[in-house]
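The residues making up each chain are set out below.
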There are 4 protein chains.
Amino acid sequence: MTLRVGVIGTGAIGRDHIRRMTQVLKGAAVVAVTDVNAAQAQQVANEFNLQAAVYDNGLDLIRAQEVDAVMVTSWGATHEEFVLASIAAGKPVFCEKPLAVTAEGCKRIVEAEAAFGKMLVQVGYMRRYDRGYRVLKETIDSGVIGHPLILHCAHRNVSVPDFYTRDMSVVDTFIHELDVHRWLLDDDYVSVQVVRPRRSSLSGEHLNDPLLVYMETAKGVRINGEIFVNCKYGYDIQCQVVGETGIVSLPEPMSVTMRSEAKLSNALLTDWKDRFIEAYDIELQDWIDATLRGEMNGPSAWDGYSAAVAADACLAARDSGDIVRIDMPERPSFYRSKHSESAAEAIR
Amino acid sequence: MTLRVGVIGTGAIGRDHIRRMTQVLKGAAVVAVTDVNAAQAQQVANEFNLQAAVYDNGLDLIRAQEVDAVMVTSWGATHEEFVLASIAAGKPVFCEKPLAVTAEGCKRIVEAEAAFGKMLVQVGYMRRYDRGYRVLKETIDSGVIGHPLILHCAHRNVSVPDFYTRDMSVVDTFIHELDVHRWLLDDDYVSVQVVRPRRSSLSGEHLNDPLLVYMETAKGVRINGEIFVNCKYGYDIQCQVVGETGIVSLPEPMSVTMRSEAKLSNALLTDWKDRFIEAYDIELQDWIDATLRGEMNGPSAWDGYSAAVAADACLAARDSGDIVRIDMPERPSFYRSKHSESAAEAIR
Amino acid sequence: MTLRVGVIGTGAIGRDHIRRMTQVLKGAAVVAVTDVNAAQAQQVANEFNLQAAVYDNGLDLIRAQEVDAVMVTSWGATHEEFVLASIAAGKPVFCEKPLAVTAEGCKRIVEAEAAFGKMLVQVGYMRRYDRGYRVLKETIDSGVIGHPLILHCAHRNVSVPDFYTRDMSVVDTFIHELDVHRWLLDDDYVSVQVVRPRRSSLSGEHLNDPLLVYMETAKGVRINGEIFVNCKYGYDIQCQVVGETGIVSLPEPMSVTMRSEAKLSNALLTDWKDRFIEAYDIELQDWIDATLRGEMNGPSAWDGYSAAVAADACLAARDSGDIVRIDMPERPSFYRSKHSESAAEAIR
Amino acid sequence: MTLRVGVIGTGAIGRDHIRRMTQVLKGAAVVAVTDVNAAQAQQVANEFNLQAAVYDNGLDLIRAQEVDAVMVTSWGATHEEFVLASIAAGKPVFCEKPLAVTAEGCKRIVEAEAAFGKMLVQVGYMRRYDRGYRVLKETIDSGVIGHPLILHCAHRNVSVPDFYTRDMSVVDTFIHELDVHRWLLDDDYVSVQVVRPRRSSLSGEHLNDPLLVYMETAKGVRINGEIFVNCKYGYDIQCQVVGETGIVSLPEPMSVTMRSEAKLSNALLTDWKDRFIEAYDIELQDWIDATLRGEMNGPSAWDGYSAAVAADACLAARDSGDIVRIDMPERPSFYRSKHSESAAEAIR
Ligand SMILES: [Mg+2]
Ligand SMILES: [Mg+2]
Ligand SMILES: [Mg+2]
Ligand SMILES: [Mg+2]
């Protein structure tokens, strides 16, 4: 059985997911593509020898008979429309982050999905599929460190491009932490505070870099988050959970150990694309497999909505200096599926 | 394009490679199976929903029209016959180790292949596809540590089953080192000496456990090898290369870092099957892809022959206590393909 | 030349400093002792074969002709009186923490010392003499990580005794961080906020354990402090400084690396007394040497006052939940000596 | 009580031990000095304000009334004579390595000491006093890894000076391993083999660098030793003991952990003098304390003799390529004191 996928948006990430589904993963065929740049959609179809129709627009692609499931990898501002249309068409949809550019948009998706009565939407938060985070979660869930009490984390990039705006350190960068920590702790946020350390002189004047994000969860866990997008030394994702009887930390990425030049060292990554490259494969394979089984295992529309609400609160907290409450409507029972457990089986 | 594979031997490793080709990898279809236990072959065919003929014997399978390539995962003593038959049929063949149970058998395969005029045989030395060994080799090849001078290594198992014989620590266990170090150093062995440390009281009386293997290569590198198959504490593969300006070591397998019970610790593996699980996937995918392109990238029949000769020398050295010369005929130019480089592209 | 020291308080820490000066360090002789328990003072004098007069009270000891310098290791509530008396007598005084039980008491000492016109007081903050903190400071001062921006730290104890009160996690435990970070960063505090994570169920109900302390310094550095005095797993002091171009962390205490029982591990300390045992030796030797040269290198009365003010602010912040300003009078030029540099020479 | 020490040889190491006894350690006074360069002896006496007579020669110094104990830090070739004279005078003597420049010379000392009937000689093998080696030995002695089976070690120097000869890698460098491993394992050597890896092109043509030394002990432990005196990257002393149930390794020297320039790194030492600097202090303090108590705890004349015999065997093995037997006379019961246990108390 093959999942026939239509891809909306054939830019960098869309093209990469097409490559994955075509050359790496099992069980999917890309049967339809579209892009605002139609020529580029055709070019990608040619590049991967797709037996795929090239559609004029996403809505037509979604409605196409031969499309079983939709992948939304277009410009962020268009996500909401395409996800809503997929729900309207009753088709499973994998939407790269953000689910929508506003929390309200996410909420509309949640409501549409709930009205439809079946989970169709998976959001592209790939960290949940990273082997390191998986082992971290398994360790926490095993109870060996007792209840989690504190989570220390850092998201550090070597540097950011010129177009990187002040808000992006939250909505593009820390958003991954906002999602993965909810999942890791099986918890929800109740407040956030943001403080600004001394600005790095190597970071743009318009950026608040680094930033510290202090969060509280419903279970009382405190999260100490550091965002530093011009740290210069490497792409470094840290996560450490302090429990009642022990502490567990995310593994460092694999590297050889060197003894050279008066240093005992391990290489750190510098390119973010290398960090979660395997997670993308696992994520999409899991989506294909689950979708073929009629299930939805991954980060849901509710998760996308939750991350969006938390991100908005982070921005408000950063601008006001206040401790900002994070208020979510109660999670509908509809979303109480045991997504984490079933997804766990994607990895041995 | 799909590589139609016939599998001879549907025991543990055969069944696992069938699972891989069917459920994980791209580009292959298992179209024929056989086993000395015909019922088991049928059962595996059913388990994976194979559209596969079940053959009475390996030779028929090899000759079958629909079989493009052969996988030999039967009992070791039968490998030579099936590999030779595959060569005779002009079909690519992936043979799990050993290539043959004697060096003479391996030599017959090498000669048959050379006579045929095209490399058809890949031997299942999966470590060359392990990401850790890959990075180790890339680091050495980069020149950053200068010429390799010494290689320290250890192969340690928690324990071994009752049927494990005295010779198996060489021909089943250290054989992986015998292959991977030739590749890692791009070198050949010229001598070996084996010494017996004090025997572990937790190891069987009939085993020489641990053992030390001291080898010399054509380029003058000295290898200090430790084999310890009842080390009790974990499955632990170590490899460290001392060069003129630095030292590089194989990465430890990924694990979370724990602070608990007065220890700062990382889990070690205990089951050997977990150590190279990903390497098997990469190995077979690479074999499928290369075979479809009409190439042969992996460990060759010559490599299998070289490992067999070295293993024989290890056994002789162990029994005599002497420094035993390792004499190989000169490598035929036929085998001078740059296999390592092209295989390197299987991993990003 | 020998520094003739009078020791006030021969309890655990007093006795240990007497042992140090008598059996380990050079240049000092304990010539006078006193304790509220006179018999115990005599017993310690006997134990170490001191040629020492046993005084009725601290004030007499301070005034004694043969006493060149005073060591105050009595009950905390008595420190202020003895330090003031030492200043009045114009004698150098080493006072174990706290300098005084209130910030006001510390301030009286600072004023008395300033009025006397010469620094006489050293406070027993031994971490400044720990080799790990020394290398950490040297690394920061070298400029290799650029300006410090964030400091992450943790102070974790296995457990605390029954008499340990809620305030002690600040005034007895975190007080060491409050001192050492000022020195490490060459900076002063401007605000503090304290938040309470979920309480560990293994910690007493009356304790807020763990606690998080968020501080800001005059230079804009943000400090993320964790206090966890029932962490169960070990005595663990962490300090990591994030700079503009790199991050430097306090070394782990030395331990052998073990491979055993499926773990690659290093032992963690469990007894706090083992952590800074060497620092105490270096601290006191440095005090003896500096005092004999007529200098004062170590943590000053001003440093003791600063720590006390910061501790008071921490308590207020913990109780109010507010961000509490830390207001110190401007540091008198009198205290602008380059204490850190000269003390650095105590260690090679 | 003060140990009045006469020092023969006031060159680099002699001067440093004088500094130690005068400025760092307790219980000793340097009361006599001599050197072939009399002016230098006087200058060192002045530099440290010694109340010391300057003698014309070592023999006069040894016989001097005021000298309780002798320290021999002169040129190696003179050690035997001075140690024998000290024994003749019935005075404790601390002799820097080598005890004598030949094994026969060491044997004469052993015989003289045995004839005298009391251990007087300590040889300056300071590694036994290194905290890392101490913890390593304690771990082995605790039984936690079972019986030792294999010992892997390396002695690596950044580079060596021009005057460094081919033999020095054994008699000056590896000699420390030859001593410390006997102590660590509480064992004796029975054979040695030396093999030459490919020579580093960065090492002098006249040196066999690196070298591998394979030894066997009376208990059957096999030692894999690497000597590499031009390793370029650092001064690196490695020791790993493989036991029946686990493996324990010498700690790395303390250093801060850095994240910078795409590396997670710890500094390695480059200057050998920094590696055992603390061990020298502990060693001499222990010698002073034990001597004052009338005991002898440290490496004995027998240990010095054993190391010399082993070193001779290493040289013979290097030159012949043979496995060379190491034959020692049986250890006289005279030398069966439990030196290691009592010395262990010198730390903590
Ligand atoms: Mg994603
Ligand atoms: Mg294999
Ligand atoms: Mg103190
Ligand atoms: Mg020495």
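Please refer to the structure placed before this passage.
Fair warning: this is a prediction, and the values are worked out from it, not measured in the lab. (Residues numbered from 1 in each chain as written. Chains lettered and ligands numbered in written order. Predicted model: local features only at pLDDT ≥ 70, side-chain atom pairs only at ≥ 80, totals over all residues. Heavy atoms only, no water.)

Trainee: Explanation requested: the packing of helix α1 (residues 12-24) of chain A against helix α9 (residues 277-292) of chain A in the structure shown.
Mentor: Between two packed helices, both the angle of their axes relative to each other and the distance between the axes serve to describe the pair. All names here are of chain A. Put simply, α1 and α9 touch, their axes get as near as 11 Å, and they point 65° apart. Between α1 and α9, the crossing angle belongs to the class labelled roughly perpendicular. The handedness of the crossing between α1 and α9 is right-handed. Between α1 and α9, the contacting residues are I13, H17, R20, M21 and V24 on the first element and I277, Y280, D281, L284 and I288 on the second. When its residues are assigned to classes, the contact of α1 with α9 shows 7 nonpolar, 1 polar and 2 charged. (Axes fitted to C-alpha atoms, helices over the stretch in contact; angles between N-to-C directions. Helix = DSSP H or I, 4+ residues; strand = E, 2+ residues; numbered from the N terminus. Parallel < 35°, antiparallel > 145°, perpendicular 65-115°, else oblique. Left-handed = near helix turned anticlockwise from the far one by under 90°. Contact = heavy atoms within 4.5 Å. Nonpolar A, V, L, I, M, F, W, Y, C, P; charged D, E, K, R; others polar.)

Trainee: Would you mind going over helix α5 (residues 103-116) of chain B with me for this structure?
Mentor: Note that an α-helix has 3.6 residues per turn; residues three or four places apart therefore point the same way. Residue and element names in this part refer to chain B. For α5, built from 14 residues, the straight-helix expectation of 20 Å at 1.5 Å per residue is met to within 8% by its first-to-last C-alpha distance of 20 Å. Along α5, the residues classified as buried are A103, G105, C106, I109, V110 and E113. The arc enclosing the buried residues of α5, seen along the axis, measures out at 160°, which places them on a common side. Buried-residue contacts for α5 involve α4 (79-88), β6 (121-123) and α10 (301-320). Of the residues flanking the end of α5, it is G117, one or two places downstream, whose phi is positive at about 95°. (Expected span 1.5 Å × (residues − 1). Buried < 20%, exposed > 50% of the residue type's maximum accessible area, 1.4 Å probe, protein only. Arc of directions from axis to C-beta.)

Trainee: Help me understand the sheet that holds strand β2 (residues 28-34) of chain A, please; the structure alone is not making it clear to me.
Mentor: Within a sheet, neighbouring strands are paired by backbone hydrogen bonds and run either parallel or antiparallel to one another. All names here are of chain A. Spatially, the 6 strands line up as an open sheet ordered β3-β2-β1-β4-β5-β6, and their pairing is parallel. Two strands in the sheet have a free side with no partner beyond their single neighbour: β3 (53-55) and β6 (121-123). Within the sheet, the average angular offset between the axes of one strand and its neighbour, ignoring direction, is 25°. Sheet topology places strand β1 (residues 3-8) next to strand β4 (residues 69-72); 4 bridges connect them, and they run parallel. Bridging from a neighbouring strand, V5 pairs with A69 of β4. (Pairing = 2+ DSSP bridges.)

Trainee: What's the story with the relation of the copies chain D and chain B in this structure? I'm lost.
Mentor: Both copies of the chain are placed relative to one another by a rotation about an axis and a shift along it. The two copies are related by a screw motion: chain D maps onto chain B through a turn of 180° and a shift of 0.0 Å along the axis, at an RMSD of 0.0 Å. Such a combination of turn and shift is consistent with a two-fold rotation axis. Minimal C-alpha separation from the rotation axis in chain D is found for N224 of chain D, amounting to 3.9 Å. A shared interface surface links the copies, since 100% of the contact residues of chain D are contact residues in chain B too. (Least-squares fit on C-alpha atoms with pLDDT ≥ 70 in both.)

Trainee: When you look at the interface of chain C and chain A in this model, what are you seeing that I'm missing?
Mentor: Accessible area lost when the parts come together is the quantity often used to give the size of an interface. Listed by partner, the interface residues are 37 residues for chain C and 37 residues for chain A. Of the roughly 2800 Å² buried between chain C and chain A, counting both surfaces, carbon and sulfur atoms make up 57%. Joining chain C to chain A, the criterion identifies 0 salt bridges. Connecting chain C to chain A are 11 residue pairs in polar contact (both at pLDDT 80 or more). Those elements giving two or more residues to the side of chain C that touches chain A turn out to be β7 (148-156), β8 (189-195), β9 (211-217), β10 (222-228), β11 (236-243) and β12 (246-249) of chain C. No other element matches the 5 residues that β7 of chain C contributes to the side of chain C that touches chain A. (Buried area = accessible area lost by both parts, 1.4 Å probe. Salt bridge = Lys/Arg side-chain N within 4 Å of Asp/Glu carboxyl O. Polar contact = N/O pair within 3.5 Å; in protein donor to acceptor, adjacent residues only side chain to side chain.)

In short, geometric facts, not functional conclusions.
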